[in-house]
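Residue-level structure breakdown
Here is what each chain is made of, one letter per residue.
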Amino acid sequence: MSRIEDFGKFTFDKSAMKRKLPYPIYLKWKNAIRKEELLDKDSADIIAHAMKEWAIEKGATHYCHWFQPLNGNTAKKHESFISKSNENLPIVRFSGEELLKSEPDASSFPNGGMRSTFEARGYTYWDCTANAFIMDNILYIPSIFVSFDGISLDKKAPLLKSMDFLSKQATALYNLFSDEKIFRVRIKVGLEQEFFLIDRKFYEQRVDLINTGRTLIGEMPPKDQELLQHYFGSIPKRVMNYYNSINKKLEDLGINSKTEHNEVAPGQFEVAILYDTVNVSVDNNQIVMEVLRKTAYEHDLVCLLHEKPFKNVNGSGKHNNWSLVTNYGKNLLKLPKKDNEIDRLIFAIFMVSTVSAVNKYSSLLRVSSSSVRNDLRLGGDEAPPSIVSVYLGNEIENILDDILDLEVKNSIKLNDFNISNLEFAPRDTDDRNRTSPFAYTDGKFEFRMLGSMQSAADCNIILNTIVASELKNILQRVENINDKSERIVACKNILKEIFIESERILFSGDNYSKEWIEEAERRGLKNNRTYLEALLCAKESKEYEVLLKNDILNDLELSAVYDVCIEDIKNTYMLEMKTLVNMINKDVIPSCIKELNFEMILNDKIKNAKLNERVNKLNNLLEGLFVKLEEFKEFEKTIRSKKGIEEVISLHKFVPRKIEEIRKISDEIESNVSRENWNIPTYEEMFRVLN
């Protein structure tokens with residue numbers, strides 16, 4: 001079987017359903033996902049039977065409801081297809097009720113206090129808009145996760161709500177102006193996933209990588225990424241074999257890995273997945289991360305998805321390419337080719353609404369794309385800064401100004417170069433801005449702040465909701481104007497007003513420059529340098545209320561999400577602090593003592609002045625470590641008396657600073673200890689081995 005014929009063989013997608021289901025039942029499913037009618041139990045029974053037969057043909061022995069709790073990971077509980085008949089004989093069975101609903105324990109997942117430990121019940125319900133699939137002989141059924149009384153305990157339920165909200169507002173506004181009536185707007189997302197690979201034997205010798213996903217100590221090697229020889233270079237053979245394995249697995253699952261290449265940092269790589277409806281893309285990205293991790297072990301590698309596993313080299317992100325497409329396939333963020341007034345106005349409506357949404361809810365976007373881990377990456381020269389801004393490009397800014405009867409401000413440089421032997425060479429009128437956190441890239445917006453390890457659900461929930469909220473505001477102001485010409489004029493005036501208010505968020509220059517920080521402050525843009533700052537700012541500025549007003553989350557769910565975020569910050573800092581203390585005591589100090597002992601014995605014999613200086617230097621560094629460890633002990637005593645946000649703020653102020661202070665001493669010790677006495681795998685070893 002060819003790769004194309006094999007594509008998606010482990011996915012119960014639309015084509016598989018068409019083959020396996022009676023056509024009337026297939027139509028009922030299609031109508032259900034279009035929200036034209038509800039899926040009844042009898043139809044669910046027939047779909048469940050067909051899904052079971054298909055899964056067993058493919059070797060599946062169990063099924064699971066696969067869901068995404070608030071911690072951003074995925075969860076599941078395996079159930080066997082084998083049951084017992086009334087005669088107490090084994091029988092293969094899978095009913096519509098089992099497809100639609102399962103009951104995992106809800107009490108032990110992060111829930112922000114929504115569930116007590118004694119309240120165990122939580123329910124998963126089939127997300128019939130997403131594809132079921134088979135991995136490791138298990139049928140995975142994508143699901144939402146709710147409590148006994150229907151409270152959302154996951155990321156998928158609010159994502160689906162945000163999709164419906166955006167589709168409803170976008171459809172109504174489009175139909176108000178266009179004669180081509182549509183019945184829905186799909187949110188399409190393509191995700192780029194960056195990651196590191198290291199040899200498994202080195203990973204298993206580093207407690208920091210095992211516990212926290214990043215190196216808490218480690219001296220930089222003489223050669224790292226400075227020569228940029230790794231970026232877009234020849235993929236090492238060992239990594240190419242790994243890529244071949246993951247590509248085959250993803251193809252079997254119907255996931256098209258379109259692009260693969262070396263990234264900037266040594267040992268860093270990327271895969272990019274083709275566009276799909278946003279909830280499917282989020283599911284697919286979770287599958288991709290799982291496949292990346294599992295397959296690495298098969299090749300004696302470990303895949304590191306942490307945003308900054310190695311200090312002083314580029315970290316990893318997950319670019320979120322977001323667009324809006326009608327049910328007829330028209331991209332609402334694509335500049336119309338024809339000079340049609342209505343098409344140009346519709347283009348302006350969706351572009352200006354997106355710019356306005358980012359301007360109003362920048363802290364919310366910052367929170368949705370970040371974590372304590374991502375703080376280590378954002379703001380460096382390899383990642384967008386913590387200031388959220390929008391890049392449109394001179395041409396698009398000019399077109400919007402023209403549509404809205406504003407003064408056209410930018411000059412356009414026409415490319416006049418020739419490519420040898422080519423009669424036609426496609427050209428752009430604008431260069432791309434790679435430093436912008438939120439950049440328009442021809443038919444889509446590319447949000448680059450998202451961390452590599454995070455679920456893409458959060459930022460898309462926010463992006464869908466805030467853009468829909470802006471569209472809703474415009475709709476409410478024009479929907480009662482009956483005369484079409486008056487409606488067009490009114491809409492243009494509203495868009496002009498909104499665009500002028502939002503212009504402060506537009507920036508086309510170098511987002512890494514110090515000048516931009518000063519300019520952003522002058523413009524009144526928020527600079528939330530850390531995840532915690534953004535979290536507190538979004539709460540104080542009441543940006544979160546957009547989720548409440550539009551029924552994406554209720555008060556209890558929103559409070560729970562906030563509490564889970566706070567708890568995650570606390571747990572991350574505590575784990576890093578304890579892990580570092582453990583490594584210093586069990587690895588660094590013993591290595592330093594061994595080196596000291598060796599050099600002191602030698603110096604007693606030869607009485608070398610320079611060697612004596614080395615001994616004194618190592619001894620002073622060792623003493624410095626003991627002092628810092630005592631500071632950690634004292635801090636642990638004081639932190640016990642604090643609770644909630646007070647505790648988290650104290651950890652935030654103390655732990656990152658102290659980790660860096662200890663790291664500086666430890667790395668200095670490493671640079672003065674022989675390879676024989678230093679037993680922790682070094683950056684040099686980990687970077688070099690793949691080549």
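Small disclaimer: the values here were computed from a predicted structure and weren't measured.

Turning next to helix H22 (residues 644–671). End to end, H22 covers 40 Å across 28 residues, agreeing with the expected 40 Å (1.5 Å per residue, within 8%). The sharpest bend along H22 measures roughly 25 degrees and falls at Leu651.

We now examine the packing of aromatic side chains. One pass over the full model with this rule turns up 27 aromatic pairs. Between Phe632 and Phe654, the ring centres sit 5.7 Å apart and the planes meet at 80 degrees, which makes this aromatic pair edge-to-face. Pair noted here: Phe632 is in helix H21 (residues 609–639) and Phe654 is in helix H22, with a separation of 22 residues, a long-range link. Accessibility assignment for this pair places Phe632 and Phe654 in one class, buried. These aromatic residues form a ring-pair network of at least three members: Phe195, Tyr242, Tyr243 and Phe269. One residue, Lys539, lies across the ring of Tyr562, its end atom 4.0 Å from the ring centre.

Structurally, Ser455 is set in the loop between strand E18 (445–447) and helix H15 (457–478). Among the polar contacts made by the side chain of Ser455, one reaches the main-chain amide nitrogen of Ala457 at a distance of 3.0 Å. Non-local contacts of Ser455, meaning those with residues more than four positions away in its chain, are made with Gln68, Gly72, Lys155, Val282, Gln286 and Leu450.

Attention now goes to the pattern of salt bridges. In total, this model carries 50 salt bridges according to the counting rule given. In this structure, Lys155 engages Asp458 in a salt bridge whose closest nitrogen and oxygen atoms are separated by 2.9 Å. Here Asp458 lies in helix H15 and Lys155 lies in the loop between strand E9 (138–147) and helix H6 (156–177), a separation of 303 residues in the sequence. Of the charged contacts in the structure, one is a salt bridge between Lys526 and Glu543, with a shortest N-O distance of 2.5 Å. Separated by 17 residues along the polypeptide, Lys526 in the loop between helix H17 (514–523) and helix H18 (531–540) and Glu543 in the loop between H18 and helix H19 (545–549) bring together distant segments of the chain. Within this structure, Lys628, Glu631, Arg657, Lys658 and Glu661 form a network of salt bridges that share partners.

Core analysis: the largest hydrophobic core is formed by 130 residues, its most contacted members being Phe177, Leu392 and Ile669. A total of 15 residues in this core trace back to one element, the largest contributor, which is helix H20 (residues 555–606). Residues in contact with Phe177, not counting those within four places in the same chain, are Ile342, Leu345, Ile346, Ile349, Val478, Lys484, Arg487, Ile488 and Cys491. Formed by 29 residues, the second largest nonpolar core is a distinct cluster that contains Leu197, Ile246, Phe269 and Ala296.

For the rest of this paragraph, the subject is unusual backbone geometry. The residue Asn137 is not glycine, and still its phi comes out positive at about 65 degrees. Structurally, Asn137 is set in the loop between strand E8 (132–135) and E9. With relative accessibility at 41%, the residue Asn137 sits in the partly exposed group. Unlike most non-glycine residues, Asp551 shows phi in positive territory, near 60 degrees. For Asp551, the location among the structural elements is in the loop between H19 and H20. Judged by relative accessible area, Asp551 falls into the exposed class, the value being 58%.

This brings us to the pairing of E9. Within E9, 10 of the 10 residues are buried, which leaves it mostly tucked inside the rest of the structure. As paired elements, strand E2 (residues 62–66) and E9 share five bridges and run parallel to each other. Across the sheet, Tyr63 pairs through a bridge with Leu139, a residue of E9. Bridge count between strand E7 (residues 122–126) and E9: five bridges; the pairing is antiparallel.

The grouping of Ile56, Ile82 and Val92 at the surface amounts to a nonpolar patch, some 250 Å² of accessible area in total. Classification of Ile56 by relative accessible area gives partly exposed; the value is 36%.

This brings us to the pairing of E7. The element E7 is extensively covered by neighbouring structure, given that four of its five residues are classed as buried. As paired elements, strand E6 (residues 101–102) and E7 share two bridges and run antiparallel to each other. Looking at the pairing, Ser102 lines up with Thr124 of E7.

Okay, the environment of Ile287 next. Note that Ile287 resides in helix H10 (residues 278–298). Remark: the alpha-carbon pair of Ile287 and Leu253, spanning 34 residues in sequence, is separated by 9.1 Å. Not counting residues up to four positions away in its chain, the partners in contact with Ile287 are Trp66, Phe133, Met135, Leu253 and Ile255.

So, how was this worked out
- Residues numbered from 1 in each chain as written.
- Predicted model: local features only at pLDDT ≥ 70, side-chain atom pairs only at ≥ 80, totals over all residues.
- Heavy atoms only, no water.
- Helix = DSSP H or I, 4+ residues; strand = E, 2+ residues; numbered from the N terminus.
- Expected span 1.5 Å × (residues − 1).
- Bend = angle between axes of the 7 residues up to and from the residue.
- Phe/Tyr/Trp six-rings, centres within 6.5 Å; stacked < 30°, edge-to-face > 60°.
- Buried < 20%, exposed > 50% of the residue type's maximum accessible area, 1.4 Å probe, protein only.
- Lys NZ or Arg CZ within 6 Å of the ring centre and 35° of its normal.
- Polar contact = N/O pair within 3.5 Å; in protein donor to acceptor, adjacent residues only side chain to side chain.
- Contact = heavy atoms within 4.5 Å.
- Salt bridge = Lys/Arg side-chain N within 4 Å of Asp/Glu carboxyl O.
- Core = buried A, V, L, I, M, F, W, Y, C linked by side-chain atoms within 4.5 Å.
- Pairing = 2+ DSSP bridges.
- Patch = residues over 30% accessible without salt bridge, like charges linked within 9 Å, V, L, I, M, F, W, Y side chains within 5 Å.
- Areas by Shrake-Rupley, 256 points an atom, 1.4 Å probe, with all protein chains shown as cover.

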